[in-house]
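Descriptive structure summary
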Amino acid sequence: MATRAGLRCSQTALRLARTPLQSHAIRSRAFSSSKAAEAAKTLLYIEHKEGKLNPGVYNAITAAQKLGGEITGLVAGAEADSLDAVAQAAAKYPLSKIVVMSADTLSHSLAEPLAPLIVALVQKEGYTHVTTAHTAQGKNIFPRVAALLDVAQISDVMQVESEDTFVRPIYAGNAIATVKSSDKIKVFTIRTSSFDPAKESGEGASIEKGESGQVGKAIAEWVSESLTKSERPDLGSAARVVSGGRGVKNKENFDSVIIPLADALGAAVGASRAAVDSGYADNSLQVGQTGKVVAPELYVAVGISGAIQHLAGIRDAKCITAINKDPEAPIFEVADFGLVADLFNAAPELTKAVGKK
Ligand SMILES: Cc1cc2nc3c(=O)[nH]c(=O)nc-3n(C[C@H](O)[C@H](O)[C@H](O)COP(=O)(O)OP(=O)(O)OC[C@H]3O[C@@H](n4cnc5c(N)ncnc54)[C@H](O)[C@@H]3O)c2cc1C
């Protein structure tokens, strides 16, 4: 019975293959798949500061490339933001073109004028995908873009499987969800540590000016900013990170134990939320679910227990080492190398040993 059914099926297929209908079907399938490949028309919001691209932009370009199709970079800001320099720098990367939008209201990348601007561009140019790095700015601007477009935002994408299917972490990274979006326009942010930075293309994208009429109204005003200046590597992109936790006990110890170890290793300084909340370290140094996600070659956790919310920020670290006096601390479950010791002896010893090299 099965064989007969199979035979019937293959005969039907053979007959159909000879009919114009079937060849039409094959042509239209081929057309629709090539149409699908062409269909991805991506708008990539380019974050910048003081005339330089935010490092996460390079990783976001790599993620956008996985969609196939053309990628337009959007550089927005006020003239004082050195927009030309930003556009020239971005044009070296594999983008089809760069659109530069300049208006006073766009200074400091406020979400209120930027979101309607992005939406207007998407509607005018028919972009199918809109993306940026999953940074504080991306997290601020993009959900508004999604809401204005009446689509669901897909946050913190770790993998682009196809034009409509994306992989992202949920439950503080304890589960990985594959999400298929049926929205007409896909709005998503990129987990930069999951993608390699794009390389310069050597071609040079064209740069054009956008229409200023698309800029949203200034309903919010930038008042001031307070920046922590540091000569150390940037936490988000450093190859090595040394983080201190509550075990350090106070700010003086953080400064005299964690920072010298980081300097000896040429590492960025990080901290657990408990350390930040207790005032040992600045908020910008927090690593974890509600802090920064890092993916260094080496991550050194000192006096950190390893709560899931902290581990959510280091799952992509290549080598994790931990110093903790409690052998049962959960950090040892993920550490490649662990030292059960008092950090006040072990960390300075390590600093001295590294410094001798
Ligand atoms: C919604 C939510 C979001 C959160 N987001 C984050 C986040 O982004 N990042 C984050 O880090 N946390 C986050 N947390 C908090 C998290 O749950 C933990 O409370 C926090 O990570 C604990 O920090 P810790 O490991 O420094 O402190 P503790 O858990 O108190 O651990 C201190 C460790 O130091 C060790 N220690 C003490 N003294 C010494 C010594 N002398 N030598 C060696 N070791 C010593 C102890 O054995 C202990 O393991 C979040 C929590 C919630 C609910």
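Residues numbered from 1 in each chain as written. Predicted model: local features only at pLDDT ≥ 70, side-chain atom pairs only at ≥ 80, totals over all residues. Heavy atoms only, no water.

**What to know about the overall build of the protein chain**
The criterion, for reference: Counting from the N terminus, the helices are DSSP H or I runs at least four residues long and the strands are E runs at least two residues long. Burial classification: accessible surface area is computed with a 1.4 Å probe over protein chains only, and a residue below 20% of its type maximum counts as buried, one above 50% as exposed, and the rest as partly exposed. By definition in these notes, contact holds between two residues if any of their heavy atoms fall within 4.5 Å. The method behind every accessible area is Shrake-Rupley, applied with a 1.4 Å probe, and residues are considered shielded solely by the protein chains displayed.
Helices and strands together make up the secondary structure of the protein chain, namely eleven helices and 17 strands. Taking all 357 residues of the protein chain together, 43% fall into the buried category. Once local pairs closer than 6 in sequence are excluded, the contacts in the protein chain between residues at least 24 apart make up 67%. Here the protein chain displays about 18600 Å² of accessible surface, and carbon together with sulfur accounts for 52% of that area.

**Side note on the layout of surface pockets**
A probe matching the size of a water molecule, rolled over the atoms, marks out where space remains unfilled. Cut-off, in case you're wondering: In this analysis the probe radius is 1.4 Å and the grid spacing 1 Å, with only protein atoms considered; a cavity is a set of points the probe fits into but cannot get out of, a pocket is an open set with protein on both sides within 12 Å along at least five of seven lines, and lining residues have an atom within 4 Å of a point. Grid points are joined across faces, edges and corners, and a volume is the space filled by probe spheres set on the points. Residues are grouped as follows: Ala, Val, Leu, Ile, Met, Phe, Trp, Tyr, Cys and Pro are nonpolar; Asp, Glu, Lys and Arg are charged; every other residue, Gly included, is polar.
What the second largest pocket holds in volume is close to 310 Å³. The wall of the second largest pocket is formed by 17 residues, among which Ser 272, Arg 273, Ala 274, Ser 305 and Ala 307 lie closest to the centre. Secondary structure elements with two or more residues in the lining of the second largest pocket: helix H8 (273-277) and helix H9 (308-311). Of the residues belonging to the lining of the second largest pocket, the class tally is four nonpolar, eleven polar and two charged.

**Points about the nonpolar core**
In summary, soluble globular proteins display a tendency toward joint burial of nonpolar side chains. To keep it simple, the criterion reads: Joining through side-chain atoms within 4.5 Å is the link that ties buried Ala, Val, Leu, Ile, Met, Phe, Trp, Tyr and Cys residues into a set, and such a set is a nonpolar core.
If you look at the biggest cluster of nonpolar residues, it comprises 30 residues, and the most contacted ones within it are Leu 44, Ile 46, Leu 95 and Ile 98. Elements represented by at least two residues in this core include exactly helix H3 (56-65), strand S4 (70-77), helix H4 (83-90), strand S5 (97-102), strand S7 (153-157) and strand S11 (186-190). Per element, the largest residue contribution to this core is five residues, and it comes from H3. Ignoring any residue separated from it by four or fewer positions in sequence, one finds Ile 46 in contact with Leu 53, Val 57, Gly 73, Leu 74, Val 75, Val 86, Ala 90 and Leu 95. Grouped together as the second largest cluster of nonpolar side chains are 26 residues, Tyr 45, Leu 106, Tyr 127 and Phe 142 included.

**Let's talk about the side chain of Arg 191**
Tracing the backbone shows Arg 191 in the loop between S11 and strand S12 (206-209). When residues no more than four places from it in sequence are discounted, the contact partners of Arg 191 are His 134, Asp 156, Val 157, Met 158, Pro 169, Val 293, Ala 312, Arg 315 and Asp 316.

**Some details on unusual backbone geometry**
One non-glycine residue with positive phi stands out, namely Ser 109, at about 50°. Of note, Ser 109 is situated in the loop between S5 and helix H5 (111-125). Phi angles above zero are rare outside glycine, and Asp 150 is one such case at about 60°. As for its placement among the helices and strands, Asp 150 is situated in the loop between helix H6 (136-149) and S7.

**Quick notes on the pattern of salt bridges**
Going by this rule: Salt bridge, as used here, is a side-chain nitrogen of Lys or Arg placed within 4 Å of a carboxyl oxygen of Asp or Glu.
Considering all chains together, one arrives at nine salt bridges under this definition. Lys 97 is the salt-bridge partner of Glu 208, the closest N and O atoms lying 3.6 Å from each other. In this pair, Glu 208 sits in strand S12 while Lys 97 sits in strand S5, placing the two residues 111 residues apart along the sequence. A residue is classified by how much of its surface remains accessible, and Glu 208, at 37% relative accessible area, is partly exposed.

**Topic: the site of the ligand**
To keep things clear, this is the line we draw: Consider each residue's heavy atoms; a residue with any of them within 4 Å of a molecule or strand counts as near. Here a polar contact is taken to be a pair of N or O atoms separated by no more than 3.5 Å, where protein atoms must pair a possible hydrogen donor with a possible acceptor and residues adjacent in sequence count only if both atoms sit in side chains. Placement in a cavity or pocket follows one criterion, namely that more than half of the molecule's atoms lie within 2 Å of its grid points.
The immediate surroundings of the ligand are formed by 26 residues, with Arg 246, Ser 272, Thr 290, Ser 305 and Asn 324 found nearest. At 3.0 Å, a backbone N or O of Gln 289 approaches an oxygen atom of the ligand. Note that an oxygen atom of the ligand is positioned 3.1 Å from one of the backbone N or O atoms of Gly 303. A total of 980 Å² of accessible area belongs to the ligand in isolation, and the protein chains cover 77% of it. When each cavity is represented as a set of grid points, the ligand is found to reside in the second largest pocket.

**Thoughts on the sheet that holds S7**
Stated precisely, the cut-off is as follows: For two strands to count as paired, DSSP must find a minimum of two bridges between them. Axis definition: a line fitted to C-alpha atoms, limited for helices to the stretch in contact. Angles are taken between N-to-C directions and run from 0 to 180 degrees.
Spatially, S7-S11-S6-S1-S4-S5-S12 is the arrangement adopted by the seven strands of the open sheet, whose pairing is parallel. Unpaired on one side and paired on the other, S7 and S12 mark the two borders of the sheet. Neighbour-to-neighbour, the strand axes of this sheet turn through a mean angle of 25°, independent of strand direction. Pairing geometry for S4 and S5, over six bridges, is parallel. Within S5, the residue paired with Thr 72 across the bridge is Lys 97. Docked against the sheet, H6 engages strand S1 (41-45), strand S6 (129-133), S7 and S11, running at close to 170° with respect to S11.

**Quick look at the confidence of the model for the protein chain**
Inclusion rule: The quantity known as pLDDT measures the predictor's confidence residue by residue, on a range of 0 to 100.
For the protein chain, the average pLDDT comes to 87, and 88% of its residues sit at 70 or higher. Segment residues 1-37 is flagged for pLDDT under 50; beyond a separation of four residues in sequence, or across chains, it makes six contacts in the model.

**Remarks on the sheet that holds strand S16 (residues 319-324)**
Two orientations exist for strands paired in a sheet by backbone hydrogen bonds: parallel and antiparallel. Taken in spatial order, the five strands of this open sheet run S14-S13-S15-S16-S17, and their pairing is parallel. Each of the sheet's edge strands pairs with one partner strand only, and the pair in question is strand S14 (268-271) and strand S17 (337-340). With direction set aside, neighbouring strand axes in the sheet form an average angle of 15°. As paired strands, strand S15 (residues 298-302) and S16 are joined by five bridges and run parallel to one another. When the sheet's bridge partners are listed, Val 300 is paired in S16 with Thr 321. Helix-sheet contacts for helix H7 (residues 251-265) involve strand S13 (240-244), S14 and S15, and the interaxial angle to S13 is about 170°. Where helix H11 (residues 343-356) meets the sheet, it contacts S15, S16 and S17, and its direction lies at approximately 135° from that of S16.

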